[in-house]
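# Results of the structural survey
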Number of protein chains: 2
Amino acid sequence: MTHRVINFNAGPATLPLSVLEKTRDELLDFEGTGMSLLEHSHRGAAYAAVHAEAKSLLKELLSIPDDYHVLFMQGGASAQFALVAMNLLDGGSADYAVTGTWSKKALAEAKVLGGGRVAFDASAGGGGFTRVPKQEELDLDPKARYLHITTNNTVAGTQYHYIPKSDAPLVADMSSDILSRSLDVSKFGIIYAGAQKNLGPAGVTIVIIKDSLVGEGNAALPKIFRYRTIVDGDSLQNTGPTFPIYMVRNVLQWVKANGGAAGMEQRNKAKAALLYATIDGNADFFRCPIELESRSLMNVVFRLPTEDLEKQFIAEAAKNELMGIKGHRSVGGIRCSIYNAMEPSSIEKLVGFMKDFAAKNG
Amino acid sequence: MTHRVINFNAGPATLPLSVLEKTRDELLDFEGTGMSLLEHSHRGAAYAAVHAEAKSLLKELLSIPDDYHVLFMQGGASAQFALVAMNLLDGGSADYAVTGTWSKKALAEAKVLGGGRVAFDASAGGGGFTRVPKQEELDLDPKARYLHITTNNTVAGTQYHYIPKSDAPLVADMSSDILSRSLDVSKFGIIYAGAQKNLGPAGVTIVIIKDSLVGEGNAALPKIFRYRTIVDGDSLQNTGPTFPIYMVRNVLQWVKANGGAAGMEQRNKAKAALLYATIDGNADFFRCPIELESRSLMNVVFRLPTEDLEKQFIAEAAKNELMGIKGHRSVGGIRCSIYNAMEPSSIEKLVGFMKDFAAKNG
């Protein structure tokens, strides 16, 4: 029996056990080919089938309309911060809703390129990032090339529970909540996401882009940094991260077998509801600093009465094999990341521990 | 007993069996932590040790001087084609020795950015890319920001067996021969290499850069595309491709246990010598189109009397579990890629097959 702990890491994050087992079992001999998927040519038939299936599963599970492309890129969301601006600004300006660490970085790259404008800043009143904007709070530039949002803020623990409206195309960094719920992709111009939270391991970035935004490709950009090149090459213009893409394929098979986006949404809502109910039900001991309507279903943050108690809580949790619950160093406190692959039974174990700890130390 | 064939793929390529076995054995539980390396935080202690060891092993095995940085990046050599030019051109021009498909692409990115100049073109006389330049054939611009070479040409089957001299810093795409032989890194300004041939799987790019070339970072570039950012972040400025880096660490451990760069060089020379001797020793049947002094020790290309015989050769090789020997679609013929991990005994099996085939069909 393999030793496995419960892993609340914010990303890279826990993966479905069955996916890991399948990956292990075929690591030396992929589907009877006598070589590992790690050793297969990115241009060979074995990998081509994996590549195509990863793409078609994502299209199916997110009901991606036909006028969108699914790309497998590299460099994480951080590379997309730059690439979105490089490809879409075209001498103009774009609006950014700043709701945390990562949207600030996305804005900074657009500013380097001369075109980032703040449409909302959740930290403007002081007190950090504890909410996302309401639609009417967005100060939109009618000439903006796009509106950029971060749908879930991994560090802060906030999440949009509606899709903002904007005349400009909506560009969303969905790294920490992609495929965690049903989604109307047609409302977006570009969706991008590092895979390492809900979709697989680190090393591949999913980009879903509306065909009309791909354009001809800006001739002033290096070819490899034009979305046009990646679309035309079907993400095989050069050697891609074949093993991470294969792992994404495996995770998508697991999502499909577990009810798809709707199934994940139901499962994720139930997990988060149990955890938030435990926090709110022990309000003399636990406190969630996030505005009620902005609470994330992916990254649940909370505080204890003192920092000493938080340290003790983290240490005792680790003794119970509940790992990775320390809040991000920039905000402190506790953060439990409960992405798709986190089992409901693990949340039950966590809340049991929380109640015991509160009873003993409250 | 796991079924394994002999894999002559040009990259992604064969990996040492012991590396794959170790990876498989700890895939669900990395070093007793109860989670997969795939699930470990890039900021946690377990991964940090892997990251540091991969870096220090590379420094040790290539005797990298202290005034060089080792970076783990993404996007393959193709991204470096653009990034080198973006970071180093600075409004000037750079020299490119064009010796194959990939150096042509590198030059094209510099041209997009306004500064690519041909210092040599191996295809200029017609007849394709069958050699690398001699030192005296390089037409060097005294004002060039750098001289770019491709040390081994995977498609063509050519390789430099000397290090070109240039007043400008030497930038080398070493994707297909890094760590295949002893190397004087101090002769280079930048070395970059996709890992998927000699160092591990696809999905991570090694960059070795002299500190004096990192500079302050060009403020006009997106931060994520400045070498300065990656140096300052120790390649952890954002989530990197942790699993591919871990695989590189595992491969480097294997290289160290097998004699380091010098051991690889000895092994690779012996493998290539046996293969070329078989080609040259059956000159009525096999023919290597590459100039003698430019022959690659990594990608051995040859032709048979007719294309029909080549097809038959590839098909019969496959029946003998000798896979991936078809030449690149742009040049045809046969290509056997025999990187570090290719076992000498596999070359013996290959040449045995070649002799039999020549005897039966010659």
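Residues numbered from 1 in each chain as written. Chains lettered and ligands numbered in written order. Predicted model: local features only at pLDDT ≥ 70, side-chain atom pairs only at ≥ 80, totals over all residues. Heavy atoms only, no water.

### Here's the deal with the environment of G260 of chain B
Residue and element names in this part refer to chain B. So the rule is basically this: Strands are runs of DSSP state E lasting at least two residues, helices are runs of H or I lasting at least four, and both sets are numbered from the N terminus onward. For this analysis, residues touch if any pair of their heavy atoms sits within 4.5 Å.
Mapping G260 onto the fold places it in helix α8 (residues 260-281). Placed 58 residues apart in sequence, G260 and A202 show a C-alpha to C-alpha distance of 22 Å. G260 has contacts with L61 and V255, leaving out every residue within four places of it along the chain.

### A look at the nonpolar core
The test is simple: By nonpolar core we mean a set of buried residues, namely Ala, Val, Leu, Ile, Met, Phe, Trp, Tyr and Cys, connected to one another through side-chain atoms within 4.5 Å. Throughout, exposure labels follow a simple rule: accessible area from a 1.4 Å probe, protein chains only, divided by the maximum for the residue type, with under 20% read as buried, over 50% as exposed, and the rest as partly exposed.
With 176 residues, the main nonpolar core has Y146, F225 and Y227 of chain A together with F225 and Y227 of chain B as its most contacted residues. Apart from the residues lying within four places of it in its own chain, the contact partners of Y227 of chain A are L71, M73, Q80, L83, V84, N87, L88, I190, V207, I209 and V214 of chain A. In terms of nonpolar packing, the next biggest core, distinct from the first, is built from 35 residues, F8, Y339, I347 and F357 of chain B among them.

### A look at the layout of surface pockets
Where empty space is left can be seen by rolling a probe of water-molecule size over the atoms. Definition in use: Using only the protein atoms, space was sampled on a 1 Å grid; points where a 1.4 Å probe fits but cannot get out form cavities, open sets with protein on both sides within 12 Å along at least five of seven lines form pockets, and lining residues are those with an atom within 4 Å of a point. Grid points are joined across faces, edges and corners, and a volume is the space filled by probe spheres set on the points. Residues are grouped as follows: nonpolar covers Ala, Val, Leu, Ile, Met, Phe, Trp, Tyr, Cys and Pro; charged covers Asp, Glu, Lys and Arg; every other residue, Gly included, is treated as polar.
Each pocket or cavity is described by its volume, and for the second largest pocket that value is around 1,000 Å³. Along the wall of the second largest pocket there are 43 residues; nearest its centre are S41, H42 and R43 of chain A together with A10 and R335 of chain B. With four residues, helix α3 (residues 76-88) of chain B is the single largest residue contributor to the lining of the second largest pocket. Classifying every residue of the lining of the second largest pocket by side-chain character gives twelve nonpolar, 24 polar and seven charged.

### Quick word on helix α3 (residues 76-88) of chain A
Residues and elements named next belong to chain A. Here is the rule: How far a helix is expected to stretch is found by multiplying one less than its residue total by 1.5 Å.
The terminal C-alpha atoms of α3 lie 18 Å apart, and with 13 residues this matches the ideal 18 Å at 1.5 Å per residue to within 8%. Judged by how many residues are buried, α3 sits mostly within the fold: 13 of 13 residues are covered. Taken from the residues just after α3, D90 is the one with a positive phi, measuring 50°.

### Concerning the domain arrangement of chain A
Residues and elements named next belong to chain A. Basically, it comes down to this: What marks off one domain from the next here is an automatic or database domain assignment. Buried area: the accessible area, evaluated with a 1.4 Å probe, that two parts lose upon being put together, summed over both parts. Polar contact criterion, stated in full: a pair of N or O atoms within 3.5 Å, where within protein one must be able to donate a hydrogen and the other to accept it, and residues adjacent in sequence count only if both atoms are side-chain atoms.
Considered domain by domain, chain A is made up of domain 1 (28-257) and domain 2 (260-361). Here the C-alpha centroids of domain 1 and domain 2 sit 27 Å apart. Of the residues lining the interface, 27 residues belong to domain 1; the matching set on domain 2 comes to 26 residues. Each partner contributes to the roughly 2,000 Å² buried at the junction of domain 1 and domain 2, and carbon and sulfur atoms together form 52% of this total. Considering only the surface of domain 1 that becomes buried against domain 2, V155, G157 and W254 emerge as the three largest contributors, covering 24% of it. Remark: the boundary between domain 1 and domain 2 carries 15 residue pairs in polar contact (both at pLDDT 80 or more). Broken down by secondary-structure element, the contributors of at least two residues to the side of domain 1 that touches domain 2 are β6 (152-153), β7 (158-159) and α7 (242-257). By residue number, the principal contributor to the side of domain 1 that touches domain 2 is α7, which donates three residues. Residues that form the side of domain 1 that touches domain 2 fall into these classes: nine nonpolar, twelve polar and six charged.

### Considerations on the sheet that holds strand β3 (residues 94-98) of chain A
Residues and elements named next belong to chain A. Heads up, the rule is: A strand pair is defined by DSSP finding two or more bridges across the two strands. Throughout, an axis means a line fitted to C-alpha atoms (over the contacting stretch in the case of helices), and angles, computed between N-to-C directions, take values from 0 to 180 degrees.
Spatially, the seven strands line up as an open sheet ordered β2-β10-β9-β8-β5-β3-β4, and their pairing is mixed. With partners counted over all chains shown, the strands left at the sheet margins are β2 (68-73) and β4 (116-121), one partner each. Direction aside, neighbouring strands of the sheet carry axes that sit 20° apart on average. Bridging between β3 and strand β5 (residues 147-150) involves two bridges; their strand directions are parallel.

### Quick notes on the packing of aromatic side chains
Let me state the cut-off plainly: Pairing of aromatic rings covers Phe, Tyr and the six-membered ring of Trp, with a centre-to-centre limit of 6.5 Å; geometry is then stacked below 30 degrees between planes, edge-to-face above 60, and tilted otherwise.
Applying the stated criterion to the full structure yields 28 aromatic pairs over all chains. With a centroid separation of 5.8 Å and an interplanar angle of 90°, the aromatic rings of F30 of chain A and Y246 of chain A are classed as edge-to-face. With a gap of 216 residues between them, F30 of chain A in the loop between α1 (17-25) and α2 (45-61) and Y246 of chain A in helix α7 connect regions that are remote in the sequence. With respect to burial, F30 of chain A and Y246 of chain A carry one shared label: buried. On the numbers, 4.6 Å between centres and 15° between planes, the contact of F225 of chain A with F225 of chain B is stacked. Note that F225 of chain A is positioned in the loop between α5 (211-214) and α6 (227-232) and F225 of chain B in the loop between α5 (211-214) and α6 (227-232), a pairing that runs across two chains.

### What about empty space enclosed by the protein?
Enumeration over the complete set of coordinates arrives at eight cavities of 30 Å³ or more. Within this model, the largest cavity holds a volume of roughly 410 Å³. Surrounding the largest cavity, 29 residues form its lining, Q74, G75 and A79 of chain A together with Q74 and G75 of chain B being those nearest its centre. If you list the elements that add at least two residues to the lining of the largest cavity, you get β2 and α3 of chain A together with β2 (68-73) and α3 of chain B. In terms of residue class, the lining of the largest cavity is built from 16 nonpolar, 13 polar and no charged.

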